[in-house]
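Fold and contact review
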Amino acid sequence: KDAAALYARLADKEQDRRARAILRSKEREARTLEHQNQLQEIQSRSQGMLNRGNIKGGIEVLERGLANVRDAGASSTGAETKLMDDIHSLRTRLRQRRQRRILVLVVLIAAVAIVTLFIIAPNGLGALGTPVPAVPEAPQMTPTAPAPAAPAPAVSAPAAPAAAEGGR
């Protein structure tokens, strides 16, 4: 109660009001600068984690920083928005990285399967379903008389048209 009374008495004086306004302004400025430095420190630690390839660690640093910024007060909405955007972009990056890994894994499995199939069945997949026919042995050739030559075909000449008409 005494402090409130003293504050009210000092507020009555014009010079004290100006001094308090200046002090409040400087305090706000110092708080804003502190928040900016804190935000830069959080972002640099997160960037350090990202440079080492630790995306999850970078997200954790940003989330802890976001909790600290939220605890700091309502004057840090810009910092909060910036941190939330950074977290969202890193989560998207992590999701894309996971999808790329899965895609590469699927492609590798498919390539191994294709190579395995061609090693097992070099003639393709059709050879897997049908059994390979047994090749009959070639007959043994024995020295015998040569086979007779085939007769030459007989060629007949076409009949003359005048002879066919009766000699006219």
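Quick caveat: nothing in here was measured; it's all calculated off a predicted structure.

1. Points about the overall build of the protein chain
Tallying secondary structure elements over the protein chain gives 6 helices and 0 strands in all. Its helices and strands in sequence order give the protein chain the pattern α-α-α-α-α-α, from N to C terminus. Only carbon and sulfur atoms are counted for the fraction: they give 61% of the accessible area of the protein chain, which is about 14,200 Å².

2. As for a positive patch on the surface
Together, Lys-56, Arg-93, Arg-95, Arg-98, Arg-100 and Arg-101 make up a positively charged patch on the protein surface. The dominant element in the positive patch, judged by the number of residues it contributes, is helix H4 (residues 77-120), at 5 residues. Here Arg-98 lies in helix H4.

3. A few points about the side chain of Ser-46
Among the secondary structure elements, Ser-46 is positioned in helix H2 (residues 14-51). Excluding its chain neighbours within four sequence positions, the residues that come into contact with Ser-46 are Gly-58, Val-61, Leu-62 and Leu-90.

4. Brief notes about the side chain of Asp-86
The topology assignment puts Asp-86 in helix H4. Asp-86 has contacts with Gln-43 and Leu-62, leaving out every residue within four places of it along the chain.

5. With respect to helix H3 (residues 55-72)
Taking 1.5 Å per residue as the helical rise, H3 with its 18 residues ought to reach 26 Å, and the 26 Å between its terminal C-alpha atoms agrees with that figure. Buried within H3 we find Ile-55, Gly-57, Gly-58, Ile-59, Val-61, Leu-62, Gly-65, Leu-66 and Val-69. The backbone nitrogen of Gly-57 has a side-chain oxygen 2.9 Å away, supplied by the residue at the start of H3, namely Asn-54.

6. Some words on the nonpolar core
With 14 residues, the main nonpolar core has Ile-42, Ile-55, Ile-59, Leu-62, Leu-83, Ile-87 and Leu-90 as its most contacted residues. Elements with a minimum of two residues in this core: H2, H3 and H4. Examining the composition of this core, we find that 6 residues originate from one element, H3, more than from any other. With residues near it in sequence (within four places) discarded, Leu-90 still touches Ser-46, Leu-50, Ile-55, Gly-58, Ile-59 and Leu-62.

7. Things to note about the pattern of salt bridges
As enumerated under the stated definition, the model contains 3 salt bridges in all. Of the charged contacts in the structure, one is a salt bridge between Arg-91 and Glu-63, with a shortest N-O distance of 2.1 Å. With Arg-91 in helix H4 and Glu-63 in helix H3, this residue pair connects regions lying 28 residues apart in the sequence. Residue Arg-91 is classed as partly exposed on the basis of its relative accessible area, which comes to 41%. Here Lys-82 ties to Asp-86 by a salt bridge, and the two come within 3.2 Å at their closest N and O atoms. Here the residue Lys-82 and the residue Asp-86 both occupy positions in helix H4, the gap between them amounting to 4 residues, near one helical turn. Residue Asp-86 is classed as buried on the basis of its relative accessible area of 17%.

The rules behind these values
Residues numbered from 1 in each chain as written. Predicted model: local features only at pLDDT ≥ 70, side-chain atom pairs only at ≥ 80, totals over all residues. Heavy atoms only, no water. Helix = DSSP H or I, 4+ residues; strand = E, 2+ residues; numbered from the N terminus. Areas by Shrake-Rupley, 256 points an atom, 1.4 Å probe, with all protein chains shown as cover. Patch = residues over 30% accessible without salt bridge, like charges linked within 9 Å, V, L, I, M, F, W, Y side chains within 5 Å. Salt bridge = Lys/Arg side-chain N within 4 Å of Asp/Glu carboxyl O. Lys, Arg positive; Asp, Glu negative; His and termini not counted. Charge placed at Lys NZ, Arg CZ, Asp CG, Glu CD. Contact = heavy atoms within 4.5 Å. Expected span 1.5 Å × (residues − 1). Buried < 20%, exposed > 50% of the residue type's maximum accessible area, 1.4 Å probe, protein only. Polar contact = N/O pair within 3.5 Å; in protein donor to acceptor, adjacent residues only side chain to side chain. Core = buried A, V, L, I, M, F, W, Y, C linked by side-chain atoms within 4.5 Å.

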